[in-house]
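If you want the building blocks of each chain, they are given just below.
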Amino acid sequence: MLNIDKFVQIRKSLKLSQTELCSGICTQSTLSKFENNGLVPSFKILNQLCERMNISLSDLMGPSEEAGVTEQLIEADFSLVSYDYEKLARLMAKVKQSSLKKSDDKFHYQYLKGQVALYDKNEPMSALYYFNGILTAADLKANSIYRLLALNGCSEVYFSQKEFDKAKHYYDQIKNEILKFKVNSNEEAIQVLSILCTAGEFYGEQGDYKHSNKLLNAAYNLCATRHLVFFLARTCLRLGENIVAQNGDIQKAKDNFYDAIAFGRLNDNQQVIERAQSALESL
C-alpha cells in the first residue's frame, strides 16, 4: 500500500511546495488530490514526482515490501489496466520469481504472468496453468483477492476461446462475491475493479445487462469512493454500449462515451478512446 503521509513528509523535508514539485509534470490540483484525497495519478506522473524527490515508489511501500519487485508489480498493474500488454510482458520479464518471499507477492506474480500468457503470447493453456496454480495453492486463503482474480482469469481464458458456458461458470462464482468484498487499500481496490470491469464486460457481451450494469455501477461507485480513475474509462464505455444494445436513452449513451473519452485521455487509454469515438460516430 502506498504511504501517502510518507510522500508528503519527504516533500516537506525537502522544502518543496506542491507547485514546485509538480512543475512540468502535472497540475497542482492533481498533486493536491493525491496528497489530500488519495487520488493516485498515473504511474508515469507518480514515478516522475518520486524521481524529482530522489526516491523510488518502493520507498513509499510498507517496510515488509520488497524494493524493486513491488515497484515493478505496481507498474505492471497499471499496464494491465490500460491494455498495454506489450509493456506488461516486458515488466514481468524483469521480475525474478525467486526473489518473491510473501505468498501474496507470489500470487500477484502468477496472476500477472497468466495475463501475459493470455493476451501477449496467446497461450491460453499456459494462462490456465498460472491461474490454477493460485487456486490449488495450499496457503491460499478463502477470502483472498487472488482467488477471485484467478477465477476471473480462468473466465477470461474460456471467453477468449469462445467457450462461453465455461466462462460463465467461473463468472457466476465471482459475481456476487466480488460485490461483497471488503476493500482495505487502493491497491486492493484496483484489483477488485479489474474483476468488476471484466465480469461486467462479459455479461454485457452475453446480453445479460442486469448483471453487467450491476457490476459496472459497483465499479463506478468504488472509483468514486476511493478517488480512483483508472477503470472509469472502461466502465463508462461498457455502460454506454449496454444502453445502445438495449435501444435505451441515446443521450445517456453519448454522455457515457464522452466520459469514457475524457477518462481515457487522462489515463492514455487509446483503445477505449477509439472504441468510444467509433460508437459516437455510429449514433
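Residues numbered from 1 in each chain as written. Predicted model: local features only at pLDDT ≥ 70, side-chain atom pairs only at ≥ 80, totals over all residues. Heavy atoms only, no water.

The name that an unreviewed UniProt entry assigns to the protein chain is Helix-turn-helix transcriptional regulator, with the source organism given as Lactobacillus mulieris.

## Overview of empty space enclosed by the protein
Basically, it comes down to this: The rule is simple: put a 1 Å grid over the protein atoms alone, call a set of points where a 1.4 Å probe fits but cannot get out a cavity, call an open set with protein on both sides within 12 Å along at least five of seven lines a pocket, and count a residue as lining if it has an atom within 4 Å of a point. Grid points are joined across faces, edges and corners, and a volume is the space filled by probe spheres set on the points. Secondary structure elements follow DSSP: runs of H or I no shorter than four residues count as helices, runs of E no shorter than two count as strands, and numbering proceeds from the N terminus. Three categories are distinguished: nonpolar for Ala, Val, Leu, Ile, Met, Phe, Trp, Tyr, Cys and Pro, charged for Asp, Glu, Lys and Arg, and polar for the others, with Gly belonging to the last.
Per the stated rule, a full pass over the model turns up two cavities of 30 Å³ or more. The space that makes up the largest cavity amounts to roughly 80 Å³. Mapped onto the lining of the largest cavity, the elements with two or more residues apiece are helix H5 (69-81), helix H7 (103-120) and helix H11 (186-205). The residue makeup of the lining of the largest cavity, split by class, is six nonpolar, three polar and one charged. The calculated volume of the second largest cavity comes to roughly 40 Å³. In this structure, the second largest cavity is lined by Lys 175, Asn 176, Leu 179, His 211, Lys 214 and Leu 215. Residue assignment for the lining of the second largest cavity shows that the elements contributing at least two residues are helix H10 (164-180) and helix H12 (209-226). For the lining of the second largest cavity, the per-class residue count stands at two nonpolar, two polar and two charged.

## Quick word on a nonpolar patch on the surface
Heads up, the rule is: Residues enter patches when they are more than 30% accessible in relative terms and free of salt bridges; like-charged ones are connected within 9 Å and nonpolar ones (Val, Leu, Ile, Met, Phe, Trp, Tyr) within 5 Å. The Shrake-Rupley method, run with a 1.4 Å probe sphere, supplies the accessible areas, and residue values consider only the shown protein chains as cover. Just to be clear on terms, a salt bridge is a Lys or Arg side-chain nitrogen sitting within 4 Å of an Asp or Glu carboxyl oxygen.
Where nonpolar side chains cluster on the molecular surface, the patch consists of Val 244, Ile 250 and Leu 283 and spans about 200 Å² of accessible area. Along the chain, Ile 250 falls in helix H14 (residues 250-266).

## Some thoughts on helix H3 (residues 28-37)
Selection criterion: Each residue gets one of three labels from its accessible area relative to the maximum for its type: buried under 20%, exposed over 50%, partly exposed in between, using a 1.4 Å probe on protein chains only. In this context, the arc is that of the directions from the helix axis out to the C-beta atoms. We call two residues contacting when some pair of their heavy atoms lies within 4.5 Å.
When H3 is considered as a whole, its buried residues turn out to be Leu 31, Ser 32, Phe 34 and Glu 35. Angularly, the buried residues of H3 cover 160° about the axis, an arc narrow enough to put them on a single face. Looking at the buried side of H3, the elements it contacts are helix H1 (4-13), helix H2 (18-22) and helix H4 (43-52). Immediately downstream of H3, the backbone of Gly 38 shows phi near 75°, a positive value.

## Overview of the pattern of salt bridges
In this structure the tally under the stated criterion is nine salt bridges. When the shortest N-O distance is used, the salt bridge between Glu 177 and Arg 147 registers 2.2 Å. Linking Glu 177 in helix H10 with Arg 147 in helix H9 (residues 145-160), this pair joins segments that are 30 residues apart in sequence. In this structure, Asp 172 and Lys 175 form a salt bridge, with 3.2 Å as the shortest nitrogen-oxygen distance. Remark: Lys 175 and Asp 172 occur in helix H10; sequence separation between them is three residues, near one turn of the helix. What you see here is one network of salt bridges that share partners, running through Glu 205, Arg 238, Glu 241 and Arg 275.

## With respect to a negative patch on the surface
For clarity, the threshold we go by: Here the positive residues are Lys and Arg and the negative ones are Asp and Glu; neither His nor the chain ends is included. By convention, charge coordinates are those of NZ in Lys, CZ in Arg, CG in Asp, or CD in Glu.
A grouping of Asp 84, Glu 86, Asp 120 and Asp 268 is seen on the molecular surface, where their side chains present a negatively charged patch. Summarising the element assignment, Asp 268 is placed in the loop between H14 and helix H15 (270-282). The class of Asp 268 is exposed, set by a relative accessible area of 54%.

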